[in-house]
Amino acid sequence: MSGLIAVPLLLLALLIVVTAYSLVVIILTPYVLYALSAGYLAGLVLALVETARMYGGLLDPPRVRSPRDQFTAVRRRGSLSYHRDFAWSHYAVWQAGYDLWAVVERCHRHVTRSWISTWRSLPRLPRYHKRFLDSSPDGVGPDGSTRTRTWTVLLTWPVLALPAAGLVGLTVGVVTSIAVLSVVVVVVVVPTWVLGAAATAGLRAADRRWRASWHTETCCPYCYYLVDLPVFACPTEHPSTAPSGSDRHRALRPGAQGLWRRRCGCGTSMPVRQASAGARLTALCPKCDTALATGTGRATEIRVALFGAPDAGKSTLVDAMVAALVARFPPERCAIVRRRDGRGGPEAVGVTLQAHRAPQRVQVFDAPGPALVDRETCATYGYLDGTRNFVFVLDPLSLPALREQLAGLPPHLVPVVRVARHDLVDSYEAVVIGMRHRGVDTSRCRLAIVVSKGDLLGLLPVGAPLRAGSTDVRRFLVEHGLDSLLTSAGRDFGEVRYFLHGQTGPPSPDPLMWLLRGERALRPEVTNALR
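Please read all numbers here as calculations on a predicted model, not as lab measurements.

## Looking at the packing of helix α11 (residues 424-437) against helix α14 (residues 483-492)
Contact geometry of α11 with α14 gives a least axis separation of 11 Å together with a crossing angle of 20 degrees. Judged by the angle between their axes, α11 and α14 are roughly parallel. Handedness of the α11/α14 crossing: left-handed. Note on element contacts: α14 touches α11 through Leu485, Ser488, Ala489 and Asp492, opposite Val425, Tyr428, Val432 and Arg436. Of the residues in the contact of α11 with α14, the class split is five nonpolar, one polar and two charged.

## So, the nonpolar core
In terms of nonpolar packing, the biggest core is built from 39 residues, with Phe307, Tyr383, Leu384, Phe390, Tyr428, Leu447 and Leu477 touching the most fellow members. Elements supplying a minimum of two residues to this core: β10 (300-308), α8 (369-372), β14 (389-394), α11, β15 (446-451), α13 (470-479), α14 and β16 (495-500). Leave out the neighbours within four places in its chain, and Phe390 touches Ala305, Phe307, Leu384, Met435, Cys445, Arg446, Leu447, Ala448, Phe493 and Leu515. Core analysis: the next-biggest nonpolar cluster, separate from the first, contains 30 residues, Phe329, Cys334, Val349 and Ala448 among them.

## A short note on the packing of aromatic side chains
A complete count under the given rule lists eleven aromatic pairs for this structure. A centroid spacing of 6.3 Å and a plane angle of 80 degrees characterise the contact between Phe307 and Phe390, whose relative ring orientation is edge-to-face. Note that Phe307 is positioned in strand β10 and Phe390 in strand β14, a separation of 83 residues in sequence. Pair check on accessibility: Phe307 and Phe390 agree, each one buried. Arranged with centres 5.9 Å apart and planes meeting at 50 degrees, the rings of Phe499 and Trp514 form a pair that is tilted. With Phe499 in strand β16 and Trp514 in helix α15 (residues 511-517), the pair connects residues that are 15 residues apart, well separated along the chain. Take Phe499: its relative accessible area is 4%, and that puts it in the buried class. On the basis of relative accessibility, which here comes to 7%, the residue Trp514 falls in the buried class. A connected cluster of aromatic rings, assembled from ring pairs, spans Phe307, Phe390, Phe392, Tyr428 and Phe493. Here the guanidinium or amino end of Arg446 rests over the ring plane of Trp514, the centre of that ring lying 4.3 Å away.

## Quick word on the pattern of salt bridges
This model, assessed by the stated rule, comprises 19 salt bridges. One salt bridge connects Asp426 with Arg375, and the closest N-O pair in it is separated by 4.0 Å. Of this pair, Asp426 sits in helix α11 while Arg375 sits in helix α9 (residues 375-379), placing them 51 residues apart in sequence. The class of Asp426 is partly exposed, set by a relative accessible area of 26%. On the accessibility criterion, Arg375 (40% relative accessible area) is partly exposed. Here Asp385 ties to Arg438 by a salt bridge, and the two come within 3.0 Å at their closest N and O atoms. Within this pair, whereas Asp385 is found in the loop between α9 and β14, its partner Arg438 is found in the loop between α11 and β15, the two being separated by 53 residues in sequence. With a relative accessible area of 32%, Asp385 lands in the partly exposed category. Residue Arg438 is classed as partly exposed on the basis of its relative accessible area, which comes to 31%. Among the ionic contacts, a cluster of salt bridges with common partners joins Glu217, Glu301, Arg303 and Arg361.

## Some points on the confidence of the model for the chain
Considering every residue of the chain, the mean pLDDT works out to 80; 81% of them sit at 70 or more. Within the chain, β14 carries the highest mean pLDDT (93), whereas helix α4 (residues 128-133) carries the lowest (53). With pLDDT under 50 throughout, residues 135-140 is counted as low confidence; its partners more than four residues away or in other chains account for twelve contacts.

## Concerning the environment of Leu44
Summarising the element assignment, Leu44 is placed in helix α1 (residues 2-55). Counting along the chain gives 131 residues from Leu44 to Val175, while the straight-line C-alpha distance between them is 8.5 Å.

## Re the sheet that holds strand β9 (residues 282-284)
Remark on secondary structure: sheet strands pair via backbone hydrogen bonds, oriented parallel or antiparallel. One open sheet holds the three strands; their spatial order is β6-β5-β9, and the pairing between them is antiparallel. Taken across any chain shown, the strands that pair with only one partner, and hence form the sheet edges, are β6 (248-249) and β9. Of the strand pairs in this sheet, strand β5 (residues 231-233) and β9 are connected by three bridges, and their pairing is antiparallel. Bridge assignment links Phe232 to a residue of β9, and that residue is Ala283.

## Topic: the pairing of β14
Across the six residues that make up β14, a large majority, six, are buried. Direction of pairing for β10 relative to β14: parallel, over a ladder of five bridges. By the bridge assignment, Phe307 is partnered in β14 with Phe392. Bridge analysis of β14 against β15 gives six bridges, and the strand direction is parallel. Bridge pairing links Val391 to Ala448 in β15.

Conventions we followed
In this numbering scheme, every chain counts its residues from 1 along its sequence in written order. It should be noted that, the model being predicted, local features are given only for residues of pLDDT at least 70 and side-chain atom pairs only at 80 or more, the latter also being counted only at that level, while totals for whole chains, interfaces and linings use all residues. Water and hydrogen atoms were dropped before computing side-chain values, which therefore reflect all heavy atoms in the structure. Every axis in this analysis is a line fitted to C-alpha atoms, fitted for helices over the stretch in contact. Angles between the N-to-C directions lie between 0 and 180 degrees. What counts as a helix is a DSSP run of H or I of at least four residues, what counts as a strand is a run of E of at least two, and both are numbered from the N terminus. Under this scheme an angle from 65 to 115 degrees is roughly perpendicular, one under 35 degrees roughly parallel, and one over 145 degrees roughly antiparallel; angles in between are oblique. Each crossing is labelled by how the near helix is turned from the far one, with a counterclockwise turn of less than a right angle marking it left-handed and a clockwise turn marking it right-handed. Here a residue-residue contact requires only that any non-hydrogen atoms of the pair lie within 4.5 Å. Gly counts as polar in this scheme, as do all residues outside two lists: the nonpolar Ala, Val, Leu, Ile, Met, Phe, Trp, Tyr, Cys and Pro, and the charged Asp, Glu, Lys and Arg. By convention a nonpolar core is built from buried Ala, Val, Leu, Ile, Met, Phe, Trp, Tyr and Cys residues, the set being connected through side-chain atoms within 4.5 Å. Throughout, exposure labels follow a simple rule: accessible area from a 1.4 Å probe, protein chains only, divided by the maximum for the residue type, with under 20% read as buried, over 50% as exposed, and the rest as partly exposed. The aromatic pairing rule takes the rings of Phe, Tyr and Trp, using the six-membered ring of Trp, and pairs them if the centres are within 6.5 Å, calling planes under 30 degrees apart stacked, those over 60 edge-to-face and the rest tilted. Whether a charge sits over a ring comes down to the Lys NZ or Arg CZ being within 6 Å of the ring centre and within 35 degrees of the ring normal. Each reported salt bridge corresponds to a side-chain nitrogen of Lys or Arg within 4 Å of a carboxyl oxygen of Asp or Glu. Here pLDDT means the predictor's own confidence in every residue, given as a number from 0 to 100. Whether two strands pair comes down to DSSP finding at least two bridges between them.

Right, here's the structure in full:
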């Protein structure tokens, strides 16, 4: 009988509980909506405050993408490009994303902390369900505690709906604000990227066109690397705490680190155009880190390469050509620099002519004869592949017939002189065929064939009537069996002219002057002086 009474009582109690919970839910439903709205507004305000703190510079320390981060970043596998230079990038490149992510992180931290603190503030009740289901009398949980918040949530969930609604509204408000902020950042940054990329492409194309028209690329006199984009050193000394090599700017050109000027990581403002940087900064070779001539990057450079057999008279010809060039300019507008790499390689004689707008530099490369007749050694001389003006020095006394005539002269009339013994054709082909094999278009180059030792040649019967004109010199070489060599030279090069050097009497035409007069990159004031 007692069991029959217990069932209705249990159902009545359950009905009362359900009715009470329903009334509480009905009463609290409007307040849940109010809590949800209040939480939503709080989320909007929280995200707005964090955004204002971030973009207002009120965070300490701020999170920035510093030049050190960019300079020391690991390159992608297989990437052959340089690391980014030690300089500040444009805001839209990196920092805009960093600031947006910082706002997201701080808002996420606040929302997560609110959820966790609310959960931890709930009281713990005994683990009645564990005591009922398990044989263990104490009902110890996995964490060793005898109380749990599960019964708290099950018994008071209508009341807990209020803080839960507030937290949900807070989360939704923060997500909404971050979504709006992300859209704003994308709308601002993407057009900036597009316009910046277009401006970068245009400025680089204009700068490349300017450098190509004025022949500003230079050849390192030590490693003979043809430098199109020099490395520029920062004019300010970097502290010892700065990364190694941070004072070298390897890509000083319009780009993400500045369209007109760039700010080095040390704070120094630097121009990004080659013409401006070459006038103010020290240029270095990107291959051997050797200091290049002053004005590199803006100075017009004309390279002239001499080649020929050993003892053909190349060094004497270089001295005579440089002296004739310097004599046409005042001393204050002309400077000569001789450089040799110390390994027995070519000597680079640089003549810098100060023009009104930019320096004009003439570099004459004189390589040792034994190295020029070795094709493997010639391949290491990079200046040969980047030169359009060549001088082939030919010793006429190396011809057997003329050598016999010279030996028949009285000893007191013939000075002691070293005669080239190497084959003339081989000394020509060792350089030219190697260049053509490396893909150099020699048809766009000009060649001056110089017959050296004209003073000794004038002592011989065949050389006495020889004049310095190009036609006469060519006829003289053809008569002595060099017609095949001259035919090859005319086929290999776009323009060939012949000169006689060392002749006593009226000065002979200078091959260097002829080569320079054909260069359009020289300034008018320089070309006028060469006439």
